[in-house]
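Read off the chains here:
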Amino acid sequence: MKHIPVATKKRIEIIDVTSEINGMLRKLGIVRGICYLFVPHTTSGLTINENADPAVKQDILETLERIAPANRDYNHKEGNADAHIKSSMIGVTLSLFVENSRLVLGTWQSVFFCEFDGPRTRSLLLEVTPYER
Amino acid sequence: MKHIPVATKKRIEIIDVTSEINGMLRKLGIVRGICYLFVPHTTSGLTINENADPAVKQDILETLERIAPANRDYNHKEGNADAHIKSSMIGVTLSLFVENSRLVLGTWQSVFFCEFDGPRTRSLLLEVTPYER
Amino acid sequence: MKHIPVATKKRIEIIDVTSEINGMLRKLGIVRGICYLFVPHTTSGLTINENADPAVKQDILETLERIAPANRDYNHKEGNADAHIKSSMIGVTLSLFVENSRLVLGTWQSVFFCEFDGPRTRSLLLEVTPYER
């Protein structure tokens, strides 16, 4: 199991972590296989979406804010109930394919780390089932 | 890694792809193992739900339309911001079990390809970790 | 493939199943590997979130109820359309890491079974790719 640190700078933001993951796959010498990603935090998440226009990330965050506004009167009183909810809506695990020592992704796809209660230093955990080294 | 083509016919629709996946598993000769599914597109997704009453699919799509209406004024100006958001809400990866050369699914479950910006010719990618051939 | 029974007591509730999963991993003698979880039902789901304050679970359920209220006039007329929608919003699969015969989870994380149409006796299915026994 490998650990990729992610330093977030805002309370809520989406950060492209694709190149960090591909760098780790090269370092591990995995040519082909399955790459599992996991976020060990309860107020962040992982998603895959378009990396070309940053407005897409903003639209995702604004929609999550409509679903779980930061300022709603929640039962959880630590001021980050919205972040916990957003985490469960987006999810914290991904299983992706590796070919040619890189994640298999569509032309416009990137893996996005989603921060919902930053800024913090976060961890992204990576494990692989190698088919070819 | 295998590729299953999915031809969608509407802008927004949910298509049962279970038999196509099971056909590919038989073709690959996988008796038991893990089947990973991945959609390499940023405006579609994958979910598992009831296949008996088509109204369930309609209710899922109508709820996603309430969350991210097609006609909202988004930051992304290509006319498909809602489709990107819906993709992140539903997700693009699944890890499922294979037994007796078929996906392990509950009585009423099917694997659904979710089109949010069609009609298009889409790809569903499939990889397996075989336990028994 | 192993089966963990989950007895739910309310129509809608979130139940921590982490210790049941860890018990099964010990029983199977898996020291390190990947653990796949799957819910073979169309009106329940799986998520990972904070286990310390039960209010977090309540906030997740209340937000899902805003997204898909039980009493909305849905197309599916069996009285559980909201439960099907919630299932697709939360998801029914997880791929997690195992180290030292336990799931790798953050300090505050637990695996939660989400019941959206109980009370019922439910199944949680578990499969593993072992790296070390």
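Residues numbered from 1 in each chain as written. Chains lettered and ligands numbered in written order. Predicted model: local features only at pLDDT ≥ 70, side-chain atom pairs only at ≥ 80, totals over all residues. Heavy atoms only, no water.

Q: Just to check I follow, could you spell out the sheet that holds strand S7 (residues 109–115) of chain C for this structure?
A: Pairing between the strands of a sheet is mediated by backbone hydrogen bonds and can be parallel or antiparallel. All names here are of chain C. Read from one edge of the open sheet, three strands run S2-S7-S4, paired in antiparallel fashion. Strands with a single pairing partner mark the edges of an open sheet, and in this sheet they are strand S2 (13–16) and strand S4 (44–50). Pairwise comparison of adjacent strand axes, ignoring direction, gives a mean angle of 35° for this sheet. By the bridge criterion, seven bridges tie S4 to S7 in an arrangement that is antiparallel. The residue of S7 that forms the bridge with Glu50 is Gln109. (Pairing = 2+ DSSP bridges. Helix = DSSP H or I, 4+ residues; strand = E, 2+ residues; numbered from the N terminus. Axes fitted to C-alpha atoms, helices over the stretch in contact; angles between N-to-C directions.)

Q: For this particular structure, what's the right way to read the interface of chain B and chain A?
A: Every contact between the two is made by 28 residues of chain B and, on the other side, 32 residues of chain A. Between chain B and chain A the total buried area reaches about 2400 Å² when both faces are included, carbon and sulfur atoms providing 59% of it. Of all residues in chain B, the largest losses of buried area upon contact with chain A belong to Phe38(B), Asn75(B) and Ser88(B), amounting jointly to 24% of the total for that side. On inspection of chain B and its partner chain A, the count reaches one salt bridge. The shortest N-O distance in the salt bridge between Glu127(B) and Arg32(A) comes to 3.9 Å. There are 15 residue pairs in polar contact (both at pLDDT 80 or more) connecting chain B and chain A. Counting residues per element, the ones that place at least two in the side of chain B that touches chain A are strand S3 (32–38), helix H3 (81–90), strand S5 (93–99) and strand S8 (121–132) of chain B. Sort the elements by how many residues they give to the side of chain B that touches chain A and H3(B) lands first, with six residues. Tallied by class, residues from the side of chain B that touches chain A come to 15 nonpolar, ten polar and three charged. (Contact = heavy atoms within 4.5 Å. Buried area = accessible area lost by both parts, 1.4 Å probe. Salt bridge = Lys/Arg side-chain N within 4 Å of Asp/Glu carboxyl O. Polar contact = N/O pair within 3.5 Å; in protein donor to acceptor, adjacent residues only side chain to side chain. Nonpolar A, V, L, I, M, F, W, Y, C, P; charged D, E, K, R; others polar.)

Q: Mind showing me how you'd approach the pairing of strand S7 (residues 109–115) of chain B here?
A: Remember that side chains alternate between the two faces of the sheet whenever the strand is regular. Residues and elements named next belong to chain B. Among the seven residues that make up S7, seven are buried, leaving the element largely enclosed by the rest of the structure. Residue alternation in S7 divides its side chains into two sets, Gln109, Val111, Phe113 and Glu115 and Ser110, Phe112 and Cys114, and both sets are buried. Two strands pair when backbone bridges link them, and strand S2 (residues 13–16) and S7 are joined in this way by four bridges, in the antiparallel orientation. Within the sheet, the bridge partner assigned to Ile15 lies in S7 and is Phe113. (Buried < 20%, exposed > 50% of the residue type's maximum accessible area, 1.4 Å probe, protein only.)

Q: Would you explain the relation of the copies chain C and chain A in this entry?
A: Both copies of the chain are related through a single rotation about an axis accompanied by a shift along the same axis. When chain C is fitted to chain A, the residual RMSD is 0.0 Å, and the transformation amounts to a turn of 120° plus an axial shift of 0.0 Å. The superposition of one copy onto the other is thereby described by a three-fold rotation axis. Among all residues of chain C, the minimum C-alpha distance to the rotation axis is found for Met89(C), at 3.8 Å. Looking at the interface residues of chain C, only 16% of them are also at the interface in chain A, so each copy uses its own face. (Least-squares fit on C-alpha atoms with pLDDT ≥ 70 in both.)

Q: When you look at the nonpolar core in this model, what are you seeing that I'm missing?
A: For soluble globular proteins, the rule of thumb is that nonpolar side chains tend to be buried together. One finds Ile21(A), Ile21(B) and Ile21(C) to be the most contacted residues of the largest nonpolar core, which totals 86 residues. In this structure Ile21(C) touches Ile4(C), Cys35(C), Leu37(C), Leu103(C), Val111(C), Leu124(C) and Leu126(C), once residues within four positions along its chain are discounted. Counting residues in hydrophobic clusters, the runner-up holds 48 residues, among them Val56(A), Ala81(A), Val56(B) and Val56(C). (Core = buried A, V, L, I, M, F, W, Y, C linked by side-chain atoms within 4.5 Å.)

Q: Explain the packing of aromatic side chains here, please?
A: The description of an aromatic ring pair rests on the distance of the ring centres and on the angle between the ring planes. One pass over the structure, following the stated rule, counts six aromatic pairs over all chains. Their ring planes at 65° and their centres at 6.0 Å tell us that Phe38(A) and Phe97(C) sit as a pair that is edge-to-face. Of this pair, Phe38(A) sits in strand S3 (residues 32–38) while Phe97(C) sits in strand S5 (residues 93–99), placing the two residues on different chains. For Phe97(C), a relative accessible area of 1% translates into the label buried. Counting every residue linked through ring pairs, the aromatic cluster contains Tyr36(A), Tyr36(B) and Tyr36(C). (Phe/Tyr/Trp six-rings, centres within 6.5 Å; stacked < 30°, edge-to-face > 60°.)

Q: Sorry, what's going on with the environment of Trp108(B) here?
A: Tracing the sequence through the fold places Trp108(B) in the loop between strand S6 (102–103) and S7. Taking the C-alpha atoms as reference points, Trp108(B) and Ile48(B), 60 residues apart in sequence, are found 9.7 Å from one another.

Q: In this structure, what is going on with the relation of the copies chain B and chain A? I would like to understand it.
A: At an RMSD of 0.0 Å, chain B and chain A line up after a rotation of 120° and a shift of 0.0 Å along the axis. Taken as a fraction of all interface residues of chain B, those also at the interface in chain A reach only 18%, which identifies the copy contact as different-surface.

Q: Please clarify how the interface of chain C and chain A should be interpreted in this entry.
A: Where the parts come together, the accessible area they lose is often given as the size of the interface. At the junction of the two partners, chain C supplies 32 residues and chain A supplies 28 residues. Between chain C and chain A we count one salt bridge in total. Taken together, the links from chain C to chain A amount to 15 residue pairs in polar contact (both at pLDDT 80 or more). Mapped by element, the contributors of at least two residues to the side of chain C that touches chain A are strand S3 (32–38), S4, helix H2 (54–67), helix H3 (81–90), S5 and strand S8 (121–132) of chain C. At ten residues, the largest contribution of residues to the side of chain C that touches chain A is made by H2(C). A breakdown of the residues in the side of chain C that touches chain A according to their chemical character gives 17 nonpolar, eight polar and seven charged.

Q: Would you explain the sheet that holds strand S7 (residues 109–115) of chain A in this entry?
A: Residues and elements named next belong to chain A. Strands sit in the order S2-S7-S4 across an open sheet of three strands; the sheet is antiparallel. Each end of this open sheet is capped by a strand with a single partner; those strands are strand S2 (13–16) and strand S4 (44–50). Across the sheet, the mean angle separating the axes of adjacent strands is 35° when strand polarity is ignored.

Q: Even after reading the chapter, I still don't get the confidence of the model for chain A, so can you show me in this structure?
A: Atom-level detail of predicted coordinates should not be read off regions where pLDDT is low. Looking at chain A, the pLDDT average stands at 98 and 100% of residues meet or exceed 70. Listed scores for the predicted complex are pTM 0.98 and ipTM 0.98. (pLDDT = per-residue confidence, 0-100.)

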